[in-house]
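# Commentary on secondary and tertiary structure
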Amino acid sequence: MTYALTRYKSYQEYLDDESLSSEGNYRLLSTGELIEVSEEDDLNVRITYRLIALLLQLENGRYLERVRNGNKEIQVRPVGDKRVNRKPDLVVLRSEHLETARQAILLDTSPPLFVAEVVSPGSENSENYKRDYIWKRQQYEDMGIPEYWIIDPHREKVTLLTLVDGTYTGREYVASERIVSKIFPTLSLNIRDLLRR
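Keep in mind the model is a prediction, meaning the values are calculated, not measured.

## Thoughts on helix α2 (residues 42-57)
Over its 16 residues, α2 extends 23 Å from the first C-alpha to the last, a length consistent with the 22 Å expected when each residue adds 1.5 Å. Buried within α2 we find L43, N44, I47, T48, R50, L51, I52 and L55. Summarising the contacts, the buried residues of α2 are in contact with β4 (67-68), β7 (90-92), β8 (114-118), β9 (147-152) and α5 (191-195). Where α2 starts, the residue carrying a side-chain oxygen 3.0 Å from the main-chain nitrogen of L43 turns out to be D41. Two residues or fewer past α2, E59 is found with a positive phi of approximately 45 degrees.

As structure tokens, this is what we get:
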């Protein structure tokens, strides 16, 4: 659904619009148009919650107040689908975000520590694939997010991208492999367990 009647002049004007439903899942285009996107697939939600449960157990609950599931907005530079905001399936905030990023994490602030996206079905030419593997990758790399996971239950793999000198380097994990994360070195996660249906 597109809200073509509303044209926002800035990202902040969109954030300040109190007429938008708090239940809505909105994305703002670089043209100022607002679209409402559908809710996540049930499998995607279950996978996200499995990962959240593991992260909350790490380091005596260190990330307890900093983990968000699909409800923390991030301002990004538009590419591909021209969206200027994203709501990652999972984001781990930095401590300072609890005070400074109440509405959203803006481009001129510190990036989140970690994001993960669960890919919806689609071929390599589909918008779902391009959004997570190409466009969000460019946007999150540009922001300087240290680690980005592309969790793909349909291809039965997780692509872990780590920021090295401003550029993502990646490794794919499949089947019974265990993920090795620089951000979460004590995390013990088997791909098959994470992706089970």
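## Considerations on the sheet that holds β4
Across the sheet, 6 strands lie side by side as β4-β7-β8-β9-β10-β11; this open sheet has mixed pairing. The open sheet has two free edges, formed respectively by β4 and β11 (167-174), since each of these has just one partner strand. Bridge count for β7 against β8 is 3 bridges, and the pairing is antiparallel. Looking at β8, one finds that V91 is bridged to V115. Where α2 meets the sheet, its contacts fall on β4, β7, β8 and β9, and the angle it forms with β8 comes to roughly 155 degrees. Of the strands in this sheet, β8, β9, β10 (157-164) and β11 touch helix α4 (residues 127-143), which is tilted by about 165 degrees from β9.

## As for unusual backbone geometry
Here the phi dihedral of E59 falls at roughly 45 degrees; this positive angle occurs in a residue that is not glycine. Residue placement: E59 occurs in the loop between α2 and β4. Since its relative accessible area comes to 32%, E59 is described here as partly exposed. For K82, which is not a glycine, the phi torsion comes out positive at approximately 65 degrees. Mapped onto the elements, K82 comes out in the loop between β5 (74-75) and β6 (85-86).

The rules behind these values
Residues numbered from 1 in each chain as written. Predicted model: local features only at pLDDT ≥ 70, side-chain atom pairs only at ≥ 80, totals over all residues. Heavy atoms only, no water. Helix = DSSP H or I, 4+ residues; strand = E, 2+ residues; numbered from the N terminus. Expected span 1.5 Å × (residues − 1). Buried < 20%, exposed > 50% of the residue type's maximum accessible area, 1.4 Å probe, protein only. Contact = heavy atoms within 4.5 Å. Polar contact = N/O pair within 3.5 Å; in protein donor to acceptor, adjacent residues only side chain to side chain. Pairing = 2+ DSSP bridges. Axes fitted to C-alpha atoms, helices over the stretch in contact; angles between N-to-C directions.

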